[in-house]
Protein chains: 2
Amino acid sequence: MGSFQQDRAEIDKHQQSKDSIFFRDGVRRIDFVLSYVEDNDDARKLERRAIFEANLRHVGLELETEDKSESEDGKTYFVKIHAPWEVLATYADVLKIKAPFRADDILENREMPMGWLATPSASQKTSCTRVYYILSRCSYIQDCECDKKGIKRLLNNGTYTAAFPLHDCRYWKSSSYSNCESDRYKLYRYWARFLCFFKEQPINLIRKYYGEKIGLYFAWLGFYTEMLLFAAVVGTICFVYGLLTYEENEWSKEICDKKIGGNIVMCPLCDRKCGYWQLSKICNSTWLNYLVLFMTLFLEFWKRRQARLEYEWDLVDFEEEQQKLQLRPEYESKCSKRKLNVITQLTLIIACIVGVIAYRLAVYAAFASIMKDSPTSHLHVVGPYITPQLATSVTASCINFIIIMILNFMYERVAIWITDLEVPKTHLEYENKLTMKMFLFQFVNYYSSCFYVAFFKGKFVGYPGNYAYFFGSLSKLRNEECDPGGCLIELTTQLVVVMTGKQVWGNIQEALVPWLMNWWGSRKARCHPESLYSRWEQDHDLQPFGQLGLFDEYLEMVIQFGFITLFVASFPLAPLLALINNILEVRVDAWKLTTQFRRPVAAKAHCIGAWEEILNAMAALSVVTNAFIVAFTSDMIPRLVYMYAYQPDGEMNMKGYINNSLSVFNISEFPAESRPEDGENPSWFNGSVTTCRYRDYRYPSGHEKQYFHTMQFWHILAAKLAFIIIMEHVVFMVKFVVARLISDVPSEVRARVKRERYLVQEYLHNYEVEK
Amino acid sequence: MGSFQQDRAEIDKHQQSKDSIFFRDGVRRIDFVLSYVEDNDDARKLERRAIFEANLRHVGLELETEDKSESEDGKTYFVKIHAPWEVLATYADVLKIKAPFRADDILENREMPMGWLATPSASQKTSCTRVYYILSRCSYIQDCECDKKGIKRLLNNGTYTAAFPLHDCRYWKSSSYSNCESDRYKLYRYWARFLCFFKEQPINLIRKYYGEKIGLYFAWLGFYTEMLLFAAVVGTICFVYGLLTYEENEWSKEICDKKIGGNIVMCPLCDRKCGYWQLSKICNSTWLNYLVLFMTLFLEFWKRRQARLEYEWDLVDFEEEQQKLQLRPEYESKCSKRKLNVITQLTLIIACIVGVIAYRLAVYAAFASIMKDSPTSHLHVVGPYITPQLATSVTASCINFIIIMILNFMYERVAIWITDLEVPKTHLEYENKLTMKMFLFQFVNYYSSCFYVAFFKGKFVGYPGNYAYFFGSLSKLRNEECDPGGCLIELTTQLVVVMTGKQVWGNIQEALVPWLMNWWGSRKARCHPESLYSRWEQDHDLQPFGQLGLFDEYLEMVIQFGFITLFVASFPLAPLLALINNILEVRVDAWKLTTQFRRPVAAKAHCIGAWEEILNAMAALSVVTNAFIVAFTSDMIPRLVYMYAYQPDGEMNMKGYINNSLSVFNISEFPAESRPEDGENPSWFNGSVTTCRYRDYRYPSGHEKQYFHTMQFWHILAAKLAFIIIMEHVVFMVKFVVARLISDVPSEVRARVKRERYLVQEYLHNYEVEK
């Protein structure tokens, strides 16, 4: 066959456009392409290839080999595979692919389900799935009942260098063949460009071209972005409202008032190196808002959308695990090793978590102490709007973000390493284990600093004269204090920096890296005229779409979901940032997939898998974090308590709150190690100042219960705790009721599924009884 | 046919034992029995029966009719149905019943799943399922494509009076036929008698005889009882520990001490009709304990057990809805009516709930005011151990229990009435709607009084001189107070009375009612000699097993689960009571089913259905209720706060707690409407008493903040709320982690299912490819 084909190749070669996705006869369509580089010294590979290809031909596939002389690097052979109709028909049965029975059943109107019976469809998507199925089960050792089979192993041991289906045309122009769909061009034209950002996604076309799994990802992403729009609108309104009422805010007026805030001498924020300072230094506002129900609605309505897609895409009866139950090659070669048990794994993870937190605390504390060295004198230059504290926290957040990105890089390797150590049995198991670990690591990495700022910083500081120290008083590591405005502003800073940074970096990385790699990979080919650069070589030069390709996309979105839900009470603009990112993200992903990657083998999927569970857990967690942020990080409860119970004139306003919320400390009682060094104090500080103020509710010096908490403290604590209890119980109750009221499957879809099942049963009944 | 058969009947009749479950020929087994009473005036019924039976014969079933003269009441005809092998084989395909392929596959060792292919099995259970399937689809109108078919409609319109499969023998003795299994006798002998209570249940035999649905119920009940054993042991230990340390309890010693408790004059417990009283009147203890994790473990391990049964009973691939998708006859005749929408239904339910609570409050308040009329003088007789309060609450609980049982009876009818109003479409929908409503009504009915006592009683009483009134002060309905020992003792009383009463009454009703009805139904037959009382007549005289039979059993257990979990903190002996009840319950249910009911048509079921969700919701709710009970109903937090922070000597004991926990009220400040009438005061009360004590933390009369809450109050409140928050978060976290660590399906079962699926796929692959 070889010599005849080569002769024929000589004849046909240049008669055929390089855009062709057909065999040289121009009729048989290429369903799959294998490539290999001939290695003269390795006879085993040669033999494996021979047996493998013979077996493929035996099953009924048709093969055509391009000689290495035809490739642009002169070393690569391409094996083109075509599956004839009969083979596809057989495997449609095996894979239980439903195809329309008669031509007029393809219409959208699907009242009668009986038309779907097993007949092969002509769709390129399912035909390449079927060819891949054959490839992955074909043996490459003669007469062997063992597990030595499948294209995956051949790729692993280097017998082939690549195996991929072809894109149906070049993305920048439509195919010149009339019997070719040009879906890729359509996708690029109407979907995968940023200028299309306002258009609805052509979900059915995406599903047709890339398969259900990728289709479901884009459907989810689009739906999430739509829902974000509502959250962003509400968040922006809250933010604008906060800005507009900023001027009328009694509280900030009092702080900035020279007569009130300017007369209040505050206690130093750190030992020795910090001096006394005036309250009027911080003129800033905090805002507050919570929109927890958005998530519940989002998650519930997604379930409905998913159920509808599942029905429309005919996935109701499909079994997910078919292909993934095969053993991984690595498992077989290593399965003599014992599995690491669950506890080892847990310990490892916990150790990493603890490591992260400790490291973060240390970095943070060290950095803050440097920056706060002498805030009053050195940082005056930054202008009236940026307080030293704000400058500090922005800088700290930026450095923190860089550390996070570095750690992230390491954690990915650690996660893969631990998973490899466990030697999971099947691909499915491997994927699940890796997902869980990657998610946990990233979760810890991105959120731990925010959690620290929100719930620990400034909470356990003691009081002047008896400060609390981290790891005991000998460590000299005094627990950090927040601004007198609360930790909320620092949490917001941290959140904005990390979230924006991550998104910008993520998009750059996603778009740039594959583009650069393709640019480098095809640098030689670009010199050739287009007519000599064949379709399979073009696709061969693109990036492969890895097994974990979608995993990274989902992970990115889930981490973003965490940022906007877990800390929404501190920064109502977060949904807006996410929305802007996602509008971009949809098109970047689409562009990447359509132009920079080889066509992935279409895979089916019911649902977004473990991610749904993770999103649910995060939504539940966010109720708790937001309740705590409102109660403990924000100033809302102390202010309300002041307004209702402690306002001296009995009016319902905030007059005098600042003075009320600060306790008095007698400077002379400072222990030596906490007293500011002489050079650190500002110029206005002199001997006449005998007391300083700090943020707490304690009896003043000289009172019979000096420096014990006042009644107001307990009053406020009870109010905070009651707020948490009430908010959590109410929100969870509402979540529960809403989740029950919105049924997971739209009633119309359920009725249709039931009706189809009933008709199938009726049909089978009659068939069985009357045969 | 009729006359010939009657001739033959005359001949065979008395040759055949009445114990026979075969046709007169002694070979063909009776798979189903229909009975009817001939109505001379209704020709339509006659015609329907004729067509129906002709259609049955057409399908291949064999029928034999017993004349009415043979029945003991002389009016009832019996139609015996036999399904030959070929009919069963056809319908095994239709119903997708898996049966062993070769005889040696029936062994327990099931490594090779390929043996199960569709061949009819000889089991009586599945053959009667198949006959019932045929009966329920057979038309009774000639040549009609309409829905006029099915035995259910015929039973509804009275064409037949009963349709049931036969028990395989009499329960009190083994069958005399060698080809008959005598499973009923075995079940009765080894399972359905109280003396077997220590034996494990023969789950596989139950499943074989009654089908998977009933088998699953008994498996669940048995498993629940086993798990209760652990809870009961822990609870009993706590209880015994509480009793043993009762004597050493500083707190109760102080109350009962004449010098301390005897000198404390308490404020009256109600307006006008109650007098002052001495604290030493109440010498009683409270205990406290919580075992929340028991539920999580129970629910998680049940999922595993269920998954294992599902595998062993071959239910993995079974579709539940097959039979239940048929329209209900009532739907068709009434579907012109509009459906009540969700909101109407919700409103109705909420109205009922509100009604219950209001009613309960009124009854309670009225009753308490009568009983408390003059506790000091009239109730002295009951002895030293029963205080007036205890006597009151026991009596109140008993009356309450009677009201609950009456309301329960009404609510059942209301639930059915509302469900009927909605006209659900299919049987499945009807069952689901009714389940939810019945559950909600019973939940409200049984628990509302406990919730009221635990969370509202004694919480909003105000203080002497400014009492809080229900519905405003004009209503004269002063909010009830609890004992100074807390409401815990009243909650316990209420719980014990309602729970014990419900269980005792439930068992009596379950066992006695069917027995009495059977005794009445078969009163005439008992006069006949045994040899003339045929098997079908015996079974005909038994109770039919209704559609909601299992529903009532599950509901009973779920309500019991609620009692032991929701309020376990108040009464650690509750699991023990439940355990004793359940050991009895298993055998009562078994006895009832084996001896008092017709054999039910075997039905399949995957799982315990909606009940699992309800149990989960209850387990989650119980964490909340127990946290609140410990914090607010019990005395634990105030005592701990006292011990750690307010003990005057700085020691860690409870000395002086009683005095500390009671505030002082100046008697002269009582408003006229609250002051006790003269006759109500005890003899020792005279003018020298100027103050009385009440249970609260308020400043005494004459203090600058007189009758405002003290700092200790806020301190304790903060501690209570913090306790709730910590306990809920910790417990939910542990629940979540435990639920994740224990996988729902045992790994061994999962591996087997995967392997079988893989082998089936492999088999189908080879079959399709090589055909």
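What counts and what doesn't
- Here the residue numbering is sequential within each chain, running from 1 through the sequence in written order.
- By the order in which they are written, chains take letters starting at A while ligands take numbers starting at 1.
- Note on the predicted model: pLDDT of at least 70 is required for a residue's local features to be given, and 80 or more for side-chain atom pairs to be given and counted; whole-chain, interface and lining totals, by contrast, use all residues.
- Only heavy atoms go into the side-chain values, all of them from the structure, while hydrogens and water stay out.
- Under the scheme used here, helices are H or I runs from DSSP no shorter than 4 residues and strands are E runs no shorter than 2 residues, and both carry numbers assigned from the N terminus.
- Only protein chains enter the calculation, and the probe is 1.4 Å; a residue is then buried if its accessible area is under 20% of its type maximum, exposed if over 50%, and partly exposed in between.
- Computed by Shrake-Rupley with a 1.4 Å probe, the accessible areas treat only the displayed protein chains as cover when residues are assessed.
- Being paired, for any two strands, means DSSP has found at least two bridges between them.
- Angles shown run from 0 to 180 degrees and are taken between the N-to-C directions of axes, each axis being a line fitted to C-alpha atoms and, for helices, limited to the stretch in contact.
- Here is the rule: rings of Phe, Tyr and Trp (six-membered ring for Trp) pair when centre to centre is within 6.5 Å. Planes less than 30 degrees apart are stacked, more than 60 are edge-to-face, and the remainder are tilted.
- Among the buried residues, those of types Ala, Val, Leu, Ile, Met, Phe, Trp, Tyr and Cys that are joined through side-chain atoms within 4.5 Å form a nonpolar core.
- Between two residues, a contact is recorded if the distance between any of their heavy atoms is within 4.5 Å.
- If an angle is under 35 degrees, it is roughly parallel; if it is over 145, roughly antiparallel; if it lies from 65 to 115, roughly perpendicular; otherwise it is oblique.
- Put simply, a crossing is left-handed when the front helix is turned counterclockwise from the back one by less than a right angle, and right-handed when it is turned clockwise.
- Only Asp, Glu, Lys and Arg are considered charged, only Ala, Val, Leu, Ile, Met, Phe, Trp, Tyr, Cys and Pro nonpolar, and every remaining residue, Gly among them, polar.
- Each residue carries a pLDDT value, the predictor's own confidence for that position, ranging from 0 to 100.

Peer 1: Which residues make up the overall build of chain A, and what are the values?
Peer 2: A count of helices and strands for chain A gives 24 helices and 10 strands. Taken over 771 residues, chain A has a buried fraction of 53%. Carbon together with sulfur atoms contributes 61% to the accessible area of chain A, which is approximately 35,600 Å² in total.

Peer 1: Pulling in residues and values, what's your account of the sheet that holds strand β2 (residues 62-66) of chain A?
Peer 2: Residue and element names in this part refer to chain A. Taken in spatial order, the 4 strands make up an open sheet running β2-β3-β1-β4, and their pairing is antiparallel. In this open sheet, the two strands that pair with only one neighbour each are β2 and β4 (162-164). On average, each strand axis in the sheet is inclined to that of its neighbour by 15°, with strand direction left out of account. Pairing between strand β1 (residues 32-37) and strand β3 (residues 76-82): 6 bridges, direction antiparallel. Looking at the pairing, F32 lines up with I81 of β3.

Peer 1: An account of the packing of aromatic side chains is requested, with residue identities and associated values reported.
Peer 2: All names here are of chain A. Under the counting rule described, the total for this entry stands at 50 aromatic pairs over all chains. Ring plane angle 55° and centroid distance 5.9 Å describe the contact between F52 and Y160, whose orientation is recorded as tilted. Within this pair, whereas F52 is found in helix α2 (residues 43-59), its partner Y160 is found in the loop between α5 (151-156) and β4, the two being separated by 108 residues in sequence. Grouping residues by exposure puts F52 and Y160 together as buried. Between F443 and Y447 the ring centres are 4.7 Å apart and the planes differ by 85°, which places this aromatic pair in the edge-to-face class.

Peer 1: With reference to specific residues and values, describe the nonpolar core.
Peer 2: Within the largest apolar cluster, 203 residues are counted, with the highest numbers of intra-cluster contacts made by Y447 and F567 of chain A together with Y447 and F567 of chain B. Apart from residues no more than four positions distant in its own chain, Y447 of chain A is found in contact with V558, I559, Q560, G562, F563, L566, F567 and M618 of chain A. Counting 26 residues, the second largest nonpolar core, distinct from the first, contains F32, L61, V131 and I134 of chain A.

Peer 1: Residue-level account of the pairing of β1 of chain A, with values.
Peer 2: All names here are of chain A. Counting buried residues along β1, 5 of its 6 residues qualify, which places the element largely inside the surrounding structure. With 3 bridges joining them, β1 and β4 adopt antiparallel strand pairing. Along β4, the bridge assignment pairs V33 with F164.

Peer 1: Tell me about the side chain of K720 of chain A, and name the residues and values.
Peer 2: Looking at the secondary structure, you find K720 of chain A in helix α23 (residues 711-741). When its relative accessible area of 14% is taken as the criterion, K720 of chain A is described as buried.

Peer 1: Before we move on, can you summarise the packing of helix α20 (residues 610-633) of chain A against α23 of chain A with the specific residues and values?
Peer 2: All names here are of chain A. Between α20 and α23, whose axes approach to 9 Å, the crossing angle comes to 155°. Taken as axis vectors, α20 and α23 run roughly antiparallel relative to one another. At the point where α20 passes α23, the crossing takes the right-handed sense. Along its contact with α20, which presents A619, A620, V623, V624, N626, A627, F628, V630, A631 and F632, the element α23 presents L717, K720, L721, F723, I724, M727, E728, V731, F732 and K735. Broken down by class, the residue content of the contact of α20 with α23 amounts to 16 nonpolar, 1 polar and 3 charged.

Peer 1: Run through the confidence of the model for chain A, naming residues and quoting values.
Peer 2: Residues and elements named next belong to chain A. Residues of chain A with pLDDT of at least 70 account for 69%, and the chain-wide mean is 72. Within chain A, no element has a lower average pLDDT than helix α1 (residues 2-12), which sits at 44, and none a higher one than helix α19 (residues 574-596), at 87. In this model residues 281-291 is a low-confidence stretch, pLDDT under 50, and it forms 40 contacts with partners more than four residues away in sequence or in other chains. Interface scoring of the predicted complex returns ipTM 0.74; its pTM is 0.77.

Peer 1: Describe unusual backbone geometry, and please don't skip the residues or the numbers.
Peer 2: Residues and elements named next belong to chain A. Positive phi, close to 65°, is recorded for Y707, a residue that is not glycine. Turning to its location among the elements, Y707 is positioned in the loop between β10 (691-695) and α23. Classification of Y707 by relative accessible area gives buried; the value is 6%.

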